[in-house]
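# Summary of structural features
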Amino acid sequence: MTGAGEAAGRNDPVDLPALYRMLMLIRRSEERLGTMFADGEVPGFIHLGIGQEAVSAGVMAALTPEDTIASTHRGHGHALAKGLPLEGFFAELLAKETGLCRGRGGSMHVADMSVGMLGANGIVGAGLSIALGSALAHRTLKRDAVSVAFFGDGALAEGLLHECLNMAALWRLPMLFVCENNGWGEFLPTSKQLSFKLKDLAAAYRIPHRAVDGNDVAAVAAAAATLVAEVRRDGPRILECTTHRVRGHFEGDAQKYRDAGELAELHRHDPLTIAARRLAEAGLDAQALAAIEAEVAAAIETAMAAARAAAPPAFAEALADVYSPRPAGEAA
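Note that the structure is a prediction, hence the values are computed from the model and not measured. (Residues numbered from 1 in each chain as written. Predicted model: local features only at pLDDT ≥ 70, side-chain atom pairs only at ≥ 80, totals over all residues. Heavy atoms only, no water.)

Along its length, the protein chain carries 13 helices and seven strands. In terms of overall dimensions, the protein chain has C-alpha extents of about 65 × 50 × 40 Å along its principal axes. For the protein chain, with 332 residues in total, the buried portion stands at 52%. The long-range fraction of contacts in the protein chain, counting pairs at least 24 apart against all pairs at least 6 apart in sequence, stands at 73%. Averaging the locations of the 31 positively and 40 negatively charged side chains of the protein chain gives two centres separated by 4 Å. (Helix = DSSP H or I, 4+ residues; strand = E, 2+ residues; numbered from the N terminus. Buried < 20%, exposed > 50% of the residue type's maximum accessible area, 1.4 Å probe, protein only. Contact = heavy atoms within 4.5 Å. Lys, Arg positive; Asp, Glu negative; His and termini not counted. Charge placed at Lys NZ, Arg CZ, Asp CG, Glu CD.)

Below, the structure written as structure tokens:
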């Protein structure tokens, strides 16, 4: 399985068939995870990004394997689009020894340093400082690489964001701030939580800001390609992607706080529908789209079967990751 970045390449950020395939991979993987979570197969909590796939696929299309990203609690799409192997990803979420973190990380802490995925994070905004440190490392080690921090609009009032914006601007670090603005901070609209817009913060810290339709994967990919090139050359940039959260804050959230009319209209903004329409307009027929979906479905089934068959971590080894060994000679 290749990530969208590998399929599209740095010089072809709007390879729409490859991006559509990545959208489909993320969507079908998360739908499967939602079903498995409801059946009790996935331990812990999961936060699905259904409806926000275009941000992950579009941004990652502009990156290289050397570029790094720090994700959020809603990070499955980021992980898959950055190129995490599907079998290891599913095994990790099922807490299996063959998982990318040997089953210790799970949904909110899945990581794979080999492809520059620094990890998802269960703390709102916490990935920002990790990405900042990675950007500083790129600069210090003279790498031609960028670091990307994903965060939601619910993190805009976090002090850490302000610190990271200031330091990135002050040191002109190769860092792209990507805000997935879905209009919600957990259970409350962010319009009721914030007295400012992200573009205001960008102006305050003198960082160029660009807003894009976060449901249009081609638009996200084009904007990301432009900004990533600028980041490599000139320093930090901000990309704000306006999108929609279809599912609740966490899986199992009944979303009784949302207007039924709003939920009924979300299908109009579906990134897959928008991308499929663009592909049809470009001459790709329904049979070709169905072939992409069939290929994705088969890949997911193969990876899921292997993950389910894998062994869980040995208890003694898992315990060793929690408690340090007692020094020799110390009484119990």
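From this point on, the discussion continues.
So, on to the sheet that holds strand β3 (residues 175-181). Read from one edge to the other, the open sheet built from five strands follows the order β1-β2-β3-β7-β6, with strand pairing classed as parallel. Each of the sheet's edge strands pairs with one partner strand only, and the pair in question is β1 (68-70) and β6 (209-213). Strand-to-strand twist in this sheet, taken as the mean axis angle between neighbours without regard to direction, amounts to 20°. Looking at chain direction, strand β2 (residues 147-152) and β3 are connected through six bridges and run parallel. By the bridge assignment, Phe150 is partnered in β3 with Val178. Contacts from helix α3 (residues 53-60) reach β1, β2, β3 and β7 (237-242), with the element oriented near 170° to β2. Sitting on the sheet, helix α7 (residues 159-171) is in contact with β2, β3 and β7, with an inclination near 150° to β3. (Pairing = 2+ DSSP bridges. Axes fitted to C-alpha atoms, helices over the stretch in contact; angles between N-to-C directions.)

Glancing now at the layout of surface pockets. Looking at the largest pocket, its volume works out to about 340 Å³. Along the walls of the largest pocket sit 26 residues, with His73, Val124, Gly152, Gly154 and Ala155 positioned nearest its centre. Broken down by element, the residue count for the lining of the largest pocket peaks at three residues, all from β2. Size it by volume and the second largest pocket reaches roughly 230 Å³. In terms of lining residues, the second largest pocket is bounded by 15 residues, among which Asp153, Asn181, Thr190, Lys197 and Glu240 are the most central. (1 Å grid on protein atoms, 1.4 Å probe; cavity = no way out; pocket = protein on both sides within 12 Å on 5 of 7 lines; lining within 4 Å. Points joined across faces, edges and corners; volume = space filled by probe spheres on them.)

On inspection of all chains with the given rule, the structure shows 17 salt bridges. In this structure, Arg27 and Asp270 form a salt bridge, with 2.9 Å as the shortest nitrogen-oxygen distance. Taken together, the residues span a long stretch of sequence, with Arg27 in helix α2 (residues 16-38) and Asp270 in the loop between α10 (260-265) and α11 (271-281) at a distance of 243 residues. The two residues Arg27 and Asp270 agree in class, both being buried. For Arg237, the salt bridge identified is with Asp234, shortest N-O distance 3.7 Å. A cluster of three or more residues bridged by salt bridges with shared partners is formed by Glu97, Arg102, Arg104 and Glu317. (Salt bridge = Lys/Arg side-chain N within 4 Å of Asp/Glu carboxyl O.)

Put simply, helix α6 (residues 127-140) and α7 touch, their axes get as near as 9 Å, and they point 15° apart. Comparing the axis directions of α6 and α7 gives the class roughly parallel. For α6 against α7, the interelement crossing comes out left-handed. The residues of α7 that touch α6, namely those facing Leu128, Ser129, Leu132, Leu136 and Arg139, are Leu160, Leu161, Cys164, Met167, Ala168 and Trp171. Classifying every residue of the contact of α6 with α7 by side-chain character gives nine nonpolar, one polar and one charged. (Parallel < 35°, antiparallel > 145°, perpendicular 65-115°, else oblique. Left-handed = near helix turned anticlockwise from the far one by under 90°. Nonpolar A, V, L, I, M, F, W, Y, C, P; charged D, E, K, R; others polar.)

With that out of the way, let us pick up the packing of aromatic side chains. Overall, the coordinates contain one aromatic pair when judged by the stated rule. Taken together, a centroid distance of 5.5 Å and an interplanar angle of 65° make the contact between Phe89 and Phe90 edge-to-face. Using a relative accessible area of 0% as the deciding quantity, one classes Phe89 as buried. What makes Phe90 buried here is its relative accessible area of 0%. (Phe/Tyr/Trp six-rings, centres within 6.5 Å; stacked < 30°, edge-to-face > 60°.)

Here the focus is the nonpolar core. One recurring pattern in soluble globular proteins: nonpolar side chains tend to sit buried together. Counting residues in hydrophobic clusters, the biggest one holds 67 residues, and the most contacted among them are Val59, Phe90, Val148, Val178 and Leu239. Per element, the largest residue contribution to this core is eleven residues, and it comes from α2. Among all residues touching Leu239, those that are not within four sequence positions of it are Val59, Leu176, Phe177, Val178, Cys179, Arg210, Val212, Ala223, Ala224 and Leu227. Core analysis: the second largest hydrophobic core is formed by 23 residues, Leu128, Leu161, Cys164 and Met175 among them. (Core = buried A, V, L, I, M, F, W, Y, C linked by side-chain atoms within 4.5 Å.)

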